[in-house]
Amino acid sequence: MTSALRLENVTKRYGQTVAVDGVSFEAEPGRLFGLLGPNGAGKTSTIRMVTYITTPDAGTITLGGEPVGPATQARMGYLPEERGLYRKLAVGEQLVYLARLKGMAEADAKAAVRRWLDRFDAGAWAGKKTEELSKGQQQKVQFISTVVHDPSLVILDEPFSGLDPINADLLVDVIGELREAGRTVLFASHRMESVEALCDDLCLMANGRVVLSGTLREVKRRFGRDTVSVAFDGDGGWLDPLAEAGAVRVLNRTEGLVTVRLGEATAPREVLQAALGGGVEIDRFEVHEPPLSDIFRQAVQGAGEQGRARTGAPATGAGAIDA
Amino acid sequence: MNKTLLIAKSEYLRRVRSKWFAVATLAVPLLAIGVFLLPMIAFSSGGGVDRVAIVDDAGLADALAEALQGRAAVEESDAPLDTLRARVLADELDGVLVLPAGLVEGDAEAEVRYLSRGGLDAGDGVRGAVREVVRRARAGAAGASPAALAAYESDVALRLVTVSESGDEADAAVGRFLLANVLSLLMYLAILVFGMMVMRGVIEEKANRIVEVIASSVRPFELMMGKVLGIGAVGLSQLLAWGALTFGLSLAAGPLLLAFVPEAAGDGGEAPFGPEAVGAIVDPGLLVAFVLFFLGGYLLYSSLFAAVGSAVDQESDAQSLQTVVILPIMIPLLFLSFVASDPDGGLGVFLSLFPLTSPILMVVRMAVTDVPVWQVALALALLAAAFVGMIALAARVYRVGILMYGKKPSLAELWRWVRTA
């Protein structure tokens with residue numbers, strides 16, 4: 001438990017806006033924790049409090065039982081969503097400088113930087129100025145700066161944004177290694193695909209509040225197995241009657257593949273029957289949990305409605321004019 | 001290593017190793033000496049002799065020719081005024097001098113005509129010569145003997161000696177005034193340049209977003225102070241380098257000037273700007289005070305600049321705020337001549353103690369007069385208190401500002417940051 005991150009009832013206000021409202025969760029070592037939510041949900045505000053860039057107005061944040069402060073900063077690595085490095089400073093020198101700011105001794109920092117640059121096949125760049133590197137290369141450098149001091153908590157805010165598939169794979173490997181080594185990894189994103197494949201635990205935020213949390217499997221299972229995917233060969237028109245009747249909600253519809261969520265009263269075999277009736281060749285028919293993106297959408301909408309009910313504001317439409 | 005020092009060291013090395021630093025270190029002393037030397041050389045070799053035509057009905061032409069020797073070449077002429085005027089416009093003459101009869105008796109007025117492009121000076125030399133010659137003629141007509149005339153026109157030996165506690169110096173007043181000007185300009189530039197460097201550094205870190213990573217490793221105050229101290233060290237290094245280079249160059253400049261302008265040699269034939277001459281005007285105590293006031297003024301203004309820089313996102317936004325912060329540094333310059341000519345007056349003393357103006361004006365006072373040590377100490381103490389206060393204030397704005405992006409905060413918002421940070 002030495003590197004478990006725990007937030008309890010954390011609240012942060014900026015003027016009139018409550019950016020983070022009573023947020024609680026726990027990220028454990030050796031596991032990947034996904035902090036999800038749309039832009040403006042409060043993820044970055046929360047992360048800033050974890051890294052002690054700002055302090056909460058209420059609630060506590062502890063790392064391994066110790067309240068966060070200047071001492072814990074040295075044990076955390078933070079990759080912010082908006083990347084940035086000193087442009088005119090050489091890569092090697094910059095990495096050593098950043099490592100030393102985290103409390104590493106000079107010799108240790110130099111050795112660690114060399115090791116990480118080699119790991120990323122970037123040894124040749126050590127003497128180059130940051131502005132001479134390509135964007136992908138800069139991101140690798142920035143990632144190294146996040147982990148070079150061997151932090152027990154690694155916080156990555158949208159780490160995959162802008163990475164090509166090859167570098168994304170490399171990043172996934174490295175994250176996996178961190179996890180194996182018993183580090184706590186906190187991963188913030190609004191892009192579901194990256195999360196689904198990686199996270200062990202997740203927490204979904206919207207409007208500053210926690211809307212969903214639990215392990216990935218638990219969360220998905222909570223929503224039941226109400227999604228059907230059909231891969232087929234032929235005209236996709238067979239789906240129209242079902243869709244128009246509102247029996248299913250179309251999540252994805254491309255040539256040869258549809259994914260729908262079943263309505264309350266719709267059984268999976270109705271979709272199968274419709275497809276068979278359409279005379280198409282069926283390659284695959286699967287009933288499964290809804291994709292995270294849709295769970296996300298549903299949860300956020302639900303939270304929005306709850307929020308409106310609380311403040312008494314009208315939803316949309318005619319009612320709004322009278323309010 | 002303490003984090004503030006780590007940051008300061010990085011800021012220092014980054015700038016001192018840049019090409020900019022090397023260029024500035026060399027260029028400024030060269031420019032300064034050049035700016036001094038070139039006009040002196042140009043002035044002595046330039047000029048040339050004016051061609052003046054005299055229409056003489058007063059019988060003074062010969063005397064005038066003698067009086068104007070070396071400054072104007074004189075030709076007598078009977079030509080009508082219009083012809084002569086045309087010749088001036090055609091650049092065959094530089095001027096026309098009309099001496100009517102009755103001039104000596106005081107019944108008529110002499111006239112000097114010069115081309116307008118001659119500037120303020122044009123015709124002055126001729127005017128002075130005419131006056132001299134006419135007066136001599138009148139004195140002669142009134143019965144004065146040549147001996148009496150000679151006595152009247154003789155030179156009077158008078159030396160201006162400045163009395164001060166460190167000893168009396170002859171002919172020092174002008175030198176000291178010059179020194180006051182040079183030092184105050186240097187102080188103004190140094191505080192401005194290095195203060196702006198702090199501001200630009202803060203904005204750069206915001207614009208390229210690295211500030212967030214750094215804020216997750218150190219306290220914002222440590223970042224701000226590291227920057228201020230590091231750049232302050234660059235400033236000191238630069239000043240010391242300039243001082244050494246200027247001193248070295250001026251040792252060479254003296255003989256160089258001598259080669260062009262032999263008249264510039266001192267009484268003993270030694271080169272100007274020599275170590276003795278410089279030492280007579282510039283007192284080591286003054287230099288030490290200069291450095292101390294630079295440090296105090298820099299700390300005061302750079303923390304202000306850091307706060308300003310943290311309130312904007314990009315360099316372009318900073319332009320408008322820049323003018324606001326430059327004003328307090330410029331105001332002392334406006335009072336420069338006033339304080340230099342009345343250094344011990346009430347206003348002079350006040351301005352040399354008030355922290356916003358003391359870096360420049362106390363140094364000015366010290367250059368032109370003896371300032372009691374307790375006043376210098378008081379000024380330094382007040383300056384220290386002021387910059388400590390300013391740093392505390394600026395840190396609060398900085399802490400909030402570095403993480404804020406988007407619209408520029410109003411002054412009211414800035415004040416709120418100070419109160420709640």
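Keep in mind that what you see is a predicted model, and the values were worked out from it rather than measured.

Here is what the cut-offs are and how they apply
- Residues numbered from 1 in each chain as written.
- Chains lettered and ligands numbered in written order.
- Predicted model: local features only at pLDDT ≥ 70, side-chain atom pairs only at ≥ 80, totals over all residues.
- Helix = DSSP H or I, 4+ residues; strand = E, 2+ residues; numbered from the N terminus.
- Buried ≥ 20, exposed ≤ 12 C-beta atoms within 10 Å, placed from the backbone.
- Contact = placed C-beta atoms within 7 Å.
- Nonpolar A, V, L, I, M, F, W, Y, C, P; charged D, E, K, R; others polar.
- Pairing = 2+ DSSP bridges.
- Axes fitted to C-alpha atoms, helices over the stretch in contact; angles between N-to-C directions.
- Core = buried A, V, L, I, M, F, W, Y, C linked by C-beta atoms within 7 Å.
- Parallel < 35°, antiparallel > 145°, perpendicular 65-115°, else oblique.
- Left-handed = near helix turned anticlockwise from the far one by under 90°.
- pLDDT = per-residue confidence, 0-100.
- Expected span 1.5 Å × (residues − 1).
- Arc of directions from axis to C-beta.

## Structural notes on the overall build of chain B
Point 1. Of regular secondary structure, chain B possesses 17 helices and 6 strands.
Point 2. Counting over 421 residues, chain B shows a buried share of 33%.
Point 3. Residue pairs at least 24 apart in sequence account for 72% of intrachain contacts in chain B once pairs closer than 6 positions are excluded.

## A look at the overall build of chain A
Point 1. Each helix and strand in chain A was counted, giving 12 helices and 14 strands.
Point 2. Dimensions of chain A, computed from the C-alpha atoms along their principal axes, are close to 70 × 50 × 40 Å.
Point 3. Taken over 323 residues, chain A has a buried fraction of 40%.
Point 4. Long-range contacts, defined as pairs at least 24 residues apart, comprise 69% of the intrachain contacts of chain A with a sequence gap of at least 6.

## Describing the interface of chain A and chain B
Point 1. Listed as interface residues are 20 residues of chain A and, on the opposing side, 16 residues of chain B.
Point 2. Of all the secondary structure elements, the ones that give two or more residues to the side of chain A that touches chain B are helix H2 (70–73), strand E6 (76–79) and helix H3 (91–101) of chain A.
Point 3. Of all the elements, H3(A) adds the most residues to the side of chain A that touches chain B, at 4 residues.
Point 4. Looking at side-chain class alone, the side of chain A that touches chain B contains 11 nonpolar, 4 polar and 5 charged residues.

## Looking at the pairing of strand E8 (residues 184–189) of chain A
Residues and elements named next belong to chain A.
Point 1. A large share of E8 lies buried, amounting to 6 of its 6 residues.
Point 2. A two-sided burial pattern is seen for E8, the buried positions comprising Thr184, Leu186 and Ala188 on one face and Val185, Phe187 and Ser189 on the other.
Point 3. As defined by bridge partners, strand E3 (residues 32–36) adjoins E8 across 5 bridges and the pair is classed as parallel. Counterpart to Leu35 in the pairing with E8 is Ala188.
Point 4. Bridge count for strand E7 (residues 153–157) against E8 is 5 bridges, and the pairing is parallel. In the sheet register, Ile155 faces E8, and the bridge partner there is Leu186.

## Quick look at the sheet that holds strand E14 (residues 281–288) of chain A
All names here are of chain A.
Point 1. Within the open sheet, the 4 strands sit side by side as E12-E13-E11-E14. Their pairing is antiparallel. Sheet topology places strand E12 (248–254) and E14 at the edges, where each strand pairs with a single neighbour. The average angle at which neighbouring strand axes cross in this sheet is 15°, direction not considered.
Point 2. Two elements, strand E11 (residues 227–233) and strand E13 (residues 257–262), share 5 bridges in a ladder whose sense is antiparallel. Residue pairing in the sheet places Val230 in a bridge with Val258 of E13.

## So, the environment of Gly34(B)
Residues and elements named next belong to chain B.
Point 1. Within the secondary structure layout, Gly34 lies in helix H2 (residues 19–45).
Point 2. When the 13 C-beta atoms within 10 Å are taken as the criterion, Gly34 is described as partly exposed.
Point 3. For Gly34 and Ala377, which are 343 residues apart along the polypeptide, the C-alpha to C-alpha distance reads 36 Å.

## Some details on the sheet that holds strand E3 (residues 95–99) of chain B
Residue and element names in this part refer to chain B.
Point 1. Spatial strand order, E2-E1-E3-E4: 4 strands in an open sheet with mixed pairing. At either margin of the open sheet sits one strand with a lone partner, and together these are strand E2 (72–76) and strand E4 (111–114). Within this sheet the neighbouring strands show an average axis-to-axis angle of 20°, counted without direction.
Point 2. Both E3 and E4 contribute to a ladder of 4 bridges, which runs antiparallel. Directly across from Val96, in E4, lies its bridge partner Arg113.
Point 3. On the sheet, helix H4 (residues 81–89) packs against strand E1 (50–56), E3 and E4 and is oriented at approximately 155° with respect to E3.

## Details of the nonpolar core
Point 1. Ranked by size, the top nonpolar core spans 139 residues in total, and within it Ile155(A), Leu186(A), Phe187(A), Ala306(B) and Val363(B) carry the most contacts.
Point 2. Beyond its immediate chain neighbours, meaning those up to four positions away, Val363(B) contacts Leu183(B), Ser184(B), Met187(B), Ala289(B), Phe290(B) and Phe293(B).
Point 3. Core analysis: the next-biggest nonpolar cluster, separate from the first, contains 20 residues, Val52(B), Leu64(B), Leu103(B) and Val133(B) among them.

## Re the packing of H3(A) against helix H5 (residues 135–147) of chain A
Residues and elements named next belong to chain A.
Point 1. Two numbers describe how H3 lies on H5: the axes approach to 9 Å, and their chain directions differ by 25°. If you check the angle between H3 and H5, you find them roughly parallel. Crossing hand, H3 versus H5: right-handed. From H3, Val91, Leu95 and Leu98 reach across to H5, where they touch Val141, Ile144 and Ser145.
Point 2. Looking at the contact of H3 with H5 residue by residue, the class counts come to 5 nonpolar, 1 polar and no charged.

## Some points on H3(A)
Point 1. Summarising burial for H3(A): 9 of the 11 residues are buried, a large majority.
Point 2. Looking at H3(A), one finds that the buried residues are Val91(A), Gln94(A), Leu95(A), Val96(A), Tyr97(A), Leu98(A), Ala99(A), Arg100(A) and Leu101(A).
Point 3. The secondary structure elements touched by the buried residues of H3(A) are helix H4 (106–119) and H5 of chain A together with helix H1 (3–16) and helix H8 (210–215) of chain B.
Point 4. Looking one or two places after H3(A), you find Gly103(A), whose phi comes out positive at around 105°.

## Quick word on unusual backbone geometry
Point 1. The backbone of Asn9(A) shows a phi angle near 55°, a positive value even though the residue is not glycine.
Point 2. Within the secondary structure, Asn9(A) is located in strand E1 (residues 5–14).

## Quick word on the environment of Ala215(B)
Point 1. By the element assignment, Ala215(B) lies in helix H8.
Point 2. In this structure, the C-alpha to C-alpha distance between Ala215(B) and Leu356(B), residues 141 residues apart in sequence, is 31 Å.
Point 3. What Ala215(B) contacts, discounting residues up to four positions off in sequence, is Ile53(A), Pro220(B), Ile402(B) and Leu403(B).

## Digging into the confidence of the model for chain B
All names here are of chain B.
Point 1. The pLDDT averaged across chain B works out to 79; a share of 83% of its residues lies at or above 70.
Point 2. By mean pLDDT, helix H10 (residues 275–281) is the weakest element of chain B at 57, and H1 is the strongest at 92.
Point 3. Scoring of the predicted complex yields 0.75 for pTM and 0.78 for ipTM.

## A word on H4(A)
Residue and element names in this part refer to chain A.
Point 1. Here H4 spans 20 Å end to end across 14 residues, near enough to the 20 Å set by a 1.5 Å rise per residue.
Point 2. Three or more residues of H4 are buried, namely Ala109, Val113, Trp116 and Leu117. Around the axis of H4, the buried residues are gathered within 100° of arc, so they sit on the same side. In H4, the exposed positions angled more than 90 degrees off the buried face are occupied by Ala107, Arg115 and Asp118.
Point 3. At its buried positions, H4 is contacted by H3 and H5.

## Things to note about the pairing of E1(B)
Residue and element names in this part refer to chain B.
Point 1. Judged from the 5 bridges that link them, E1 and E2 form a sheet pairing that is parallel. Paired with Ile54 across the bridge in E2 is Glu76.
Point 2. Two strands pair when backbone bridges link them, and E1 and E3 are joined in this way by 5 bridges, in the parallel orientation. By the bridge assignment, Ile54 is partnered in E3 with Leu97.

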